[in-house]
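As a plain string of letters, each chain reads:
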Amino acid sequence: MPDLLIELFSEEIPARMQARAAEALRSRMTDGLVEAGLTYAGALAFSTPRRLTLAVEGLLGESPTTREERKGPRVDAPDKAIEGFLRGAGVSRDDLDTRDDKKGQVYVATIIKAGRPADVIVAEVLEAVIRDFPWPKSMRWGAGSLRWVRPLHSILCILSDESGEARVVDLEIDGIRAGDSTEGHRFMGKGRFSVTSFEDYEAKLRRAHVILDAGARADHIWQDATNQAFAAGMEVVEDQGLLGEVAGLVEWPVVLMGQIDDDFLSLPAEVLQTSMKEHQKFFSVRNPKTGRIERFVTVANIETEDHGATILAGNQKVLSARLSDAKFFWENDLRIARAGMDAWIEHLGHVTFERQLGTQAARIARIGALAGEVAPELGADAGLAAQAAHVAKADLSSEMVYEFPELQGLMGRYYAEAAGLPPEVAAACEEHYAPLGPSDDVPGAPVSAAVALADKLDTLTGFWAIDEKPTGSKDPFALRRAALGIIRIVLDGGYRIKLDRYIDAQLLRHKISLHRARASEGEIDTMEEILDEIAKHGVFGAAYHAVMNQLHGKDGSPDTSEGSLLRSVGGLVPDLSTDLLAFFHDRLKVYLRDQGLRHDVIDACLTLDGGDDLTLIVARARALGDILATEDGENLVQGFKRANNILSQAEERDGVEYSFGPDPKFAEVTEEKDLFKALDEAEKEIAKANAAEDFVGAMAAMAALRAPIDAFFEAVQVNSDNDVLRRNRLNLLGKIRDICLQAADLTRLEG
């Protein structure tokens, strides 16, 4: 069984594309080989800035001969049908056999496909893979038609046997003929060399100053960088993303550590780190005693006689220029921050958040109003929450965030501190964006949580109001992430919030804003007054209806401008609110399913009162999940479903609802009397537990019904010939259903 070695040698491949390209080469080549009949023992793919490599072990020397029998038309079928079968099978009429079939005699073609040498198959598959390679971006060069990420220079493609002999696969693509040679490092290599196997190839590459394995390059960089930092009493700031990227920029990593000029040490550590990472691909080196970033690590792709001194000097010069810009931005921004940040906030009035949803300033006003409303429910000061919301986005206008958008929020905290704002406000400027991902921490401080919830709710309700909802896998405004962020903030903080209320609030604000934008200039002042009035009174209920009533004339006829406008708004909010709450429920199911809770268990708790209280839903679902994991719980569900099925069939057949209360005086047997007693006790226990939000107790009381329900079905025939007994027993089943549904909607459970 030969081994296959392929190398595609080109100009520099962007680091971000290398790992995916190596995997694409492996998967597409091996899939193509297997499809053609060549199995293999194992395959490994590698990448460097200038090459993609695939090593396949234990490849079959040739594909096996296959024999296939294909049944055709009946022997008395029309000639055209028979000729079509012959063409499809690739045989002549003389090659056909006849067989007896249940429909009569039919033609059968025996198709034999002879095996083919591995060389031929490899050439075919590799050419197809190269010509249809999934680069995100590709280019053409010269006069050929081949497209590649960068100009492709050579193809190494050999099959080597156990004796060590290697043969080149006969392949040519756009004038590039496959061979058995490659070259090493661009500057330190000694020209092209031939190889006979993967082991020979990897060893000769290393001698030519190329480390083939990207993981090995990354390990070398990290080990050398941390050793140099440790020797200087420093520590390298870990950054796995940057490490992987730098490993994709070099074939022979040479680690160099340099000093940051004292002039820049006053910059925030995050500014230094971001500037060096984004512009120079440098690692930051921290002084553990001061916490400051004082040095940097750069990785060169060449060894020099002066041990990198010239390279390091050049890098330090470029870095100083970059950090001079950062220092200029920082000092300018600090002046504005210390003046109160008013200039930045005013500028946001000219920055569009979304065409239909208005400016960032309008958005900030909505977030501030909502943050002030939700703050008391989180134990936060409403004034601090509103103040934090007012300045939380101010840093978007700063020069530093304009240069480094990834620092938004963090710079907001620095600027709020420089402005002398309360610590809670400064913290909220940074934390209100969190969580950005499933593993990020959620805002712990109540003020930060209030602003974060308001920010995310405003985003969701805004895009719901303009009908820009996620569809399928498309979510351009990251609304799923916003919903998950709200879920995590509420659950991790243990907050008890009626989401429906705040969804309605923000949807109404958005709808009024959208209609006001379309209103004529003469109506704007009136709409402003309406908006202020609604916000002042909490947006809902009697206050909303009071405002509506004020918009009607004395004779009871509606005001055709503002009145009709608000009626249309009021009519739109409930449907949107219900739809958005359902979206939250979907995200909640995904979140809890990842934690091991069944989706049908969550469904069983969503339809009960409190469907907009996420903490309540989860407490119920966890309690139900725990009960269902017990034998009593599992058997209770089966008993409930049996009762519900009998009841549903009877109600459908009789055209009545059996929910009028059974009478224990008609109970005939002990098991029936025991069930009456057990249901009365369970009803009291479940009601008491639900009132105290003791869902574990409620589920336990429900599970205790398992034994009496089982005994009842064993001893009693529900559909008795006696109509009085039958109705009473069906009403008894109705009571089982009603009592169990007070704890959870067991009809939603699967199985």
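Residues numbered from 1 in each chain as written. Predicted model: local features only at pLDDT ≥ 70, side-chain atom pairs only at ≥ 80, totals over all residues. Heavy atoms only, no water.

### Some words on the pairing of strand 14 (residues 254–259)
When you tally the buried positions in strand 14, you get five out of six residues, the bulk of the element. Strand direction decides the pairing type here: strand 14 and strand 16 (residues 293–300), joined by six bridges, are antiparallel. Within the sheet, the bridge partner assigned to Leu-256 lies in strand 16 and is Thr-298. (Buried < 20%, exposed > 50% of the residue type's maximum accessible area, 1.4 Å probe, protein only. Helix = DSSP H or I, 4+ residues; strand = E, 2+ residues; numbered from the N terminus. Pairing = 2+ DSSP bridges.)

### Some remarks on the packing of aromatic side chains
Evaluation of the coordinates by the stated rule reveals 14 aromatic pairs. Members of the aromatic cluster, each reached through a chain of ring pairs, are Trp-330, Trp-344, Tyr-414 and Tyr-415. Sitting over the face of the ring of Phe-353, Arg-363 holds its NZ or CZ atom 4.3 Å from the ring centroid. Of note, Arg-413 hangs over the ring of Tyr-414, and the distance from its end group to the ring centre comes to 4.8 Å. (Phe/Tyr/Trp six-rings, centres within 6.5 Å; stacked < 30°, edge-to-face > 60°. Lys NZ or Arg CZ within 6 Å of the ring centre and 35° of its normal.)

### Things to note about the sheet that holds strand 1 (residues 3–10)
Sheet architecture is open: five strands sit in the order 2-3-1-7-8, paired in antiparallel fashion. Edge strands, defined here as strands with exactly one partner in the open sheet, are strand 2 (42–48) and strand 8 (166–168). Adjacent strand axes in the sheet meet at a mean angle of 15° when their direction is disregarded. In terms of strand pairing, strand 2 meets strand 3 (residues 51–57) through seven bridges, oriented antiparallel. Looking at strand 3, one finds that Gly-42 is bridged to Glu-57. Packed on one face of the sheet, helix 3 (residues 118–131) meets strand 1, strand 7 (152–160) and strand 8 and runs near 155° to strand 7. (Axes fitted to C-alpha atoms, helices over the stretch in contact; angles between N-to-C directions. Contact = heavy atoms within 4.5 Å.)

### Some words on the side chain of Arg-51
By the secondary structure assignment, Arg-51 is in strand 3. Engagement of the side chain of Arg-51 in a polar contact is seen with the backbone oxygen of Gly-184, the distance being 3.5 Å. (Polar contact = N/O pair within 3.5 Å; in protein donor to acceptor, adjacent residues only side chain to side chain.)

### Section: the confidence of the model for the protein
Scored by pLDDT, the protein has a mean of 87; 92% of the residues are at 70 or more. Low confidence marks residues 520–525, where pLDDT is under 50. Its contacts with residues over four positions away, or in another chain, come to three contacts. Below pLDDT 50 for its whole length, residues 550–554 participates in ten contacts with residues either more than four positions away or in separate chains. (pLDDT = per-residue confidence, 0-100.)

### Here we look at the state of the cysteines
Simply put, disulfide is the name for a covalent bond between the sulfur atoms of two cysteines. Going through the model one piece at a time under the given rule, you end up with zero disulfides. Cysteine Cys-740 is unpaired, with the sulfur of Cys-605 as its nearest cysteine sulfur at 13 Å. (Disulfide = S-S within 2.5 Å.)

### A closer look at the side chain of Arg-488
By the element assignment, Arg-488 lies in helix 16 (residues 479–493). Looking at Arg-488, the relative accessible area reads 9%, which means it is buried. A polar atom in the side chain of Arg-488 sits 2.6 Å from the backbone oxygen of Asp-440. Sequence-distant contacts of Arg-488, that is, excluding residues within four places in its chain, are made with Pro-435, Gly-437, Pro-438, Ser-439, Asp-440, Val-442, Gly-493 and Tyr-591.

### Focus: the pattern of salt bridges
When charged atoms on two side chains of opposite charge get close, those side chains can pair. Scanning the entire structure with this criterion turns up 48 salt bridges. As a salt-bridge pair, Arg-706 and Glu-631 come within 3.9 Å of each other at their nearest N and O atoms. Linking Arg-706 in helix 26 (residues 706–715) with Glu-631 in helix 23 (residues 631–654), this pair joins segments that are 75 residues apart in sequence. Since its relative accessible area comes to 57%, Glu-631 is described here as exposed. Between Arg-737 and Glu-651 there is a salt bridge whose closest N-O contact spans 3.2 Å. In this pair, Arg-737 sits in helix 27 (residues 723–743) while Glu-651 sits in helix 23, placing the two residues 86 residues apart along the sequence. (Salt bridge = Lys/Arg side-chain N within 4 Å of Asp/Glu carboxyl O.)

### Topic: the nonpolar core
In a soluble, globular protein the nonpolar side chains are often hidden away together inside. Residues Leu-460, Phe-584 and Leu-624 are the most contacted members of the largest nonpolar core, which totals 144 residues. When residues of this core are assigned to their parent elements, the largest contribution, twelve residues, is made by helix 15 (residues 446–465). Counting residues in hydrophobic clusters, the runner-up holds 38 residues, among them Ala-24, Ala-43, Ile-121 and Ala-178. (Core = buried A, V, L, I, M, F, W, Y, C linked by side-chain atoms within 4.5 Å.)

### Brief notes about the sheet that holds strand 5 (residues 96–101)
The pairing of strands in a sheet comes from backbone hydrogen bonds and takes either a parallel or an antiparallel form. Read from one edge of the open sheet, three strands run 4-6-5, paired in antiparallel fashion. Only two strands of the sheet have a single neighbouring strand rather than two, namely strand 4 (66–74) and strand 5. Mean inter-strand twist for the sheet, computed between neighbouring axes without regard to direction, equals 35°.

### A look at unusual backbone geometry
Residue Pro-435 is bonded to the preceding Ala-434 through a cis peptide linkage, with omega at -5°. With respect to the secondary-structure elements, Pro-435 resides in the loop between helix 14 (423–431) and helix 15. Notably, Asp-174 is not glycine yet its phi reads approximately 50°, a positive angle. Assignment of secondary structure puts Asp-174 in the loop between strand 9 (172–173) and strand 10 (176–177). Although it is not a glycine, His-307 sits at a positive phi angle of roughly 60°. Relative to the assigned elements, His-307 resides in the loop between strand 16 and helix 8 (309–338). On the basis of relative accessible area, His-307 is assigned to the exposed category, the value being 70%.

### A look at helix 1 (residues 15–35)
With 21 residues, helix 1 should cover 30 Å at 1.5 Å per step; its first-to-last C-alpha distance of 31 Å lies within 8% of that length. In the stretch just after helix 1, Gly-37 is the one whose phi turns positive, near 105°. (Expected span 1.5 Å × (residues − 1).)

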